[in-house]
Amino acid sequence: MAERGGSGVVPLRWSGEALWLLDQRRLPRREAWLRYRSSGAVARAITAMVVRGAPAIGITAAFGLVLAAGALRRRGRAAGLAAWRRRAAVLAAARPTAVNLAWAVRRLEARLAGGAWATAAEARRLLEAEALAAWREDFEANLAMGAHGAALLPARGTVLTHCNAGALATGGYGTALGVIRAARAAGKDIRVLADETRPWLQGARLTAWELARDGIPVTLLADGAAGHHFRQGRIQAVVVGADRIAANGDVANKIGTYTVAVLARQHGVPFYVAAPTSTLDPGTASGDAIPIEERPGEEVTACAGRRVAPPGVPAANPAFDVTPAELVTAIVTERGVLRPPYGAAIRRLLGAAGGEKRP
Ligand SMILES: CSC[C@@H](O)[C@@H](O)C(=O)COP(=O)(O)O
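Residues numbered from 1 in each chain as written. Predicted model: local features only at pLDDT ≥ 70, side-chain atom pairs only at ≥ 80, totals over all residues. Heavy atoms only, no water.

> Is there a simple way to explain the overall build of the protein chain in this structure?
Tallying secondary structure elements over the protein chain gives 11 helices and 16 strands in all. What you see for the protein chain is a C-alpha radius of gyration of 20 Å, in line with the 21 Å of a compact globule of 359 residues. A principal-axis box enclosing the C-alpha atoms of the protein chain has dimensions of 65 × 55 × 40 Å. Across the 359 residues of the protein chain, 57% fall into the buried class. Of the contacts formed within the protein chain by residues at least 6 apart in sequence, a portion of 73% connects residues at least 24 apart. (Helix = DSSP H or I, 4+ residues; strand = E, 2+ residues; numbered from the N terminus. Rg over C-alpha atoms; globule rule 2.2 N^0.38 Å. Buried < 20%, exposed > 50% of the residue type's maximum accessible area, 1.4 Å probe, protein only. Contact = heavy atoms within 4.5 Å.)

Encoded structure:
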């Protein structure tokens, strides 16, 4: 069983035959693993939030594409490829905001196009090797981001984070939480304030769980309480993850992130975004063009499975918002720290990777 740790937490396992996902909807009360053997079921699991977090759903989709390799058994390479691509399109559409889904599909599609294979079994082996490589690379990227980002944090202080950008949201270790983990490992006395992050409570359920397991001091905040803590001077830095970063540096992340960024600017607190280069989207000019996932209103009118709003009252439920680049102090990637102006910095970074960011 392939596993990749980092603080002992992983969102997925690969057996060679099946993908196992840790059901994040049930954490922290239960650690339940669900088994998936088809790409359609994997796509439904992504939509249903069994697994979430941009890099984690990208890696999950990559293994979904391995499971889709059965489509290549059809007579004729072209027909097989067309059937496989249809399954890939379903995976890519499972959640619209995180660019990592499309990134995973492009990466595995390029592997198929560039690799020598004659049978579906050979193609499956190529796809599996690529999915495992994407997972390993994401884990290593998180370690590198941790090292770059830790240097930005003070020797002692409190960091606010929003949502969960930890091991559960990635191939292991985490982006924003990776930065915090690395700072602690480097001996910095960092404490964490975690926004609860309604409606799915990724902060209360997942970030708090991960950090408590690691013995990192974490205090939960109701989402509306952040402003009070900024005003009291209790926050020295903000670190969050990202679902997509546009070519100009605008950042899409969990709904509520923009509010935190505005507060950070108002109070002169640095606002850092930690994200792997797989989250950069040079094909999207600005945040205005990033599709924002709209989820069912029932996720807001109910809390922990019980309706809290009066019957008949609807709720708007955008899952993400966009923080304009001008509010972002720095973007931490595995290849180094980007500073404004981000358009030029992102072009330089991706150019340095050989002119093409994606395979
Ligand atoms: C390293 S995870 C970065 C982002 O994906 C994370 O901050 C986030 O917004 C996750 O949203 P989610 O709806 O839980 O998938």
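> Explanation requested: the sheet that holds strand 2 (residues 19-22) in the structure shown.
Strand pairing within a sheet occurs via backbone hydrogen bonds; the two strands may be parallel or antiparallel. In space, the three strands of this open sheet follow the order 1-2-3, with antiparallel pairing throughout. Whereas interior strands pair on both sides, the edge strands pair on one side only; in this sheet they are strand 1 (12-14) and strand 3 (33-36). In this sheet, adjacent strand axes meet at a mean angle of 20° when their direction is disregarded. Here strand 1 pairs with strand 2 via three bridges, running antiparallel. Across the sheet, residue Trp14 finds its bridge partner in strand 2, namely Leu19. On the sheet, helix 2 (residues 54-67) packs against strand 1, strand 2 and strand 3 and is oriented at approximately 30° with respect to strand 1. (Pairing = 2+ DSSP bridges. Axes fitted to C-alpha atoms, helices over the stretch in contact; angles between N-to-C directions.)

> Quick question: what am I supposed to make of the site of the ligand here?
Inspection of the region around the ligand gives 19 residues, with Arg52, Arg95, Gln202, Asn253 and Lys254 positioned closest. Within the backbone of Ala54, an N or O atom sits 2.8 Å from an oxygen atom of the ligand. Within the side chain of Gln202, a nitrogen or oxygen atom sits 2.8 Å from an oxygen atom of the ligand. Counting residues per element, the ones that place at least two in the shell around the ligand are helix 2 and strand 9 (251-254). Grouping the amino acids of the shell around the ligand by side-chain chemistry returns eight nonpolar, seven polar and four charged. Domain assignment of the residues forming the shell around the ligand places at least three in each of domain 1 (12-141) and domain 2 (149-352). (Near = heavy atom within 4 Å. Polar contact = N/O pair within 3.5 Å; in protein donor to acceptor, adjacent residues only side chain to side chain. Nonpolar A, V, L, I, M, F, W, Y, C, P; charged D, E, K, R; others polar. Domains from an automatic or database assignment.)

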